[in-house]
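Here's the letter readout for the chains.
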Amino acid sequence: MENIVDIPKFLNDLLNKQYGNELKNEIIKGYKSKRITSFRVNTLKATDLEVLDEIKNMGIDCKAYSDIPHAYIITNGTAKDFYDTKLVKDGKIYFQSLSSMLPPLFLDAKEKETILDMAAAPGGKTTELAAITNNKAEITACEVNKIRAERLKYNINLQGANVFVMNQDAKRLDDYFSFDKILLDAPCSGAGTLDLNNPKNIKSFSFELVKNSAKLQEELLKKALKILKPNHEMIYSTCSILALENEDVLNKVLKQFNAKIVPISFPNLPTLPSKIDGTILVRPNEYFEGFFIAKIKK
Ligand SMILES: C[S@@+](CC[C@H](N)C(=O)[O-])C[C@H]1O[C@@H](n2cnc3c(N)ncnc32)[C@H](O)[C@@H]1O
């Protein structure tokens, strides 16, 4: 317990202002808790039964998180126990937080649709979309960072996903592009995923980072709404729980495009009050990272 660090004062003030003292304390409790390890079965490569059999043979216990298709929680092991296994090396499972599995579910992606994953590395959600659409959608994944784009390609190949990768700044995507659906899992400060057991994690977290993230999110969302086909839908998500990076960004941008929120909900989530009805704000706890998810129709 002695190694747990405090949250920075600016974050304490922001959380107090947005949520009040009681909820802020719940959030801090979430930042302190040790998160469960979860993975998704990659249905492009394996069935749930086949994976569960192999895990049982390893002497590791896991249980389904039944609200999310193909999601499992490891109850007596960690991701490290799997590093050298065929399950990981053959791309049959992908370690991914439960919160991170949520945004693609709301996109309602279908075979044959053109789908853009705008900020895609390392590819957890890209490959989830490929699996949801049985590899039959036209998925483009964009990533600005060269090294992360390589990681994205590696994960896509390993998982047998059919995805076209663009290593470029999504803000500069040509306005002539047009997609049926877009996932903007925007770069963010990570204010939903802070780990107070890890001082390094807190050290790199600053108000500058929050402000810069908000600026980038605004620009990326504007580009997304430009290249989304009219009357079509997109998802905006972040692993931040700060309104500066979520509701405030949407409030600024949506009216410029006459875009509307499409209400979404999900069972059994720990939530926080959102300033925008119909969006989801996940409260960090031992199962979930803090996350924001909004569905938008242009
Ligand atoms: C939250 S992470 C995405 C996680 C990913 N969706 C997943 O589920 O695995 C955001 C990503 O956006 C990338 N990024 C940041 N700015 C970008 C930009 N202007 N264009 C494209 N990608 C960008 C970052 O390098 C980072 O890999």
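Remember, predicted model here, so these are calculated numbers, not experimental data.

**Considerations on the site of the ligand**
Point 1. The local shell around the ligand holds 21 residues, among which K125, E143, R148, D169 and D185 are the closest.
Point 2. Contacts to the ligand include K125, whose side-chain N or O atom sits 2.9 Å from an oxygen atom.
Point 3. Interatomic distance of 3.3 Å between a backbone N/O atom of V144 and a nitrogen atom of the ligand.
Point 4. At the level of secondary structure, the elements contributing two or more residues to the shell around the ligand comprise α5 (124–132) and α8 (207–227).
Point 5. When its residues are assigned to classes, the shell around the ligand shows 11 nonpolar, 4 polar and 6 charged.

**Focus: the sheet that holds strand β2 (residues 62–64)**
Point 1. On the basis of which strands lie adjacent, the open sheet formed by 4 strands has the order β2-β3-β1-β4 and antiparallel pairing. In the strand order of this sheet, the two ends are held by β2 and β4 (93–95), each with one partner. Strand-to-strand, the axes of this sheet are offset by a mean angle of 30°, without reference to chain direction.
Point 2. Examined bridge by bridge, strand β1 (residues 37–41) and β4 share 3 bridges and lie antiparallel to one another. Across the sheet, the residue bridging to R40 is Y94, located in β4.

About the cut-offs
Residues numbered from 1 in each chain as written. Predicted model: local features only at pLDDT ≥ 70, side-chain atom pairs only at ≥ 80, totals over all residues. Heavy atoms only, no water. Near = heavy atom within 4 Å. Polar contact = N/O pair within 3.5 Å; in protein donor to acceptor, adjacent residues only side chain to side chain. Helix = DSSP H or I, 4+ residues; strand = E, 2+ residues; numbered from the N terminus. Nonpolar A, V, L, I, M, F, W, Y, C, P; charged D, E, K, R; others polar. Pairing = 2+ DSSP bridges. Axes fitted to C-alpha atoms, helices over the stretch in contact; angles between N-to-C directions.

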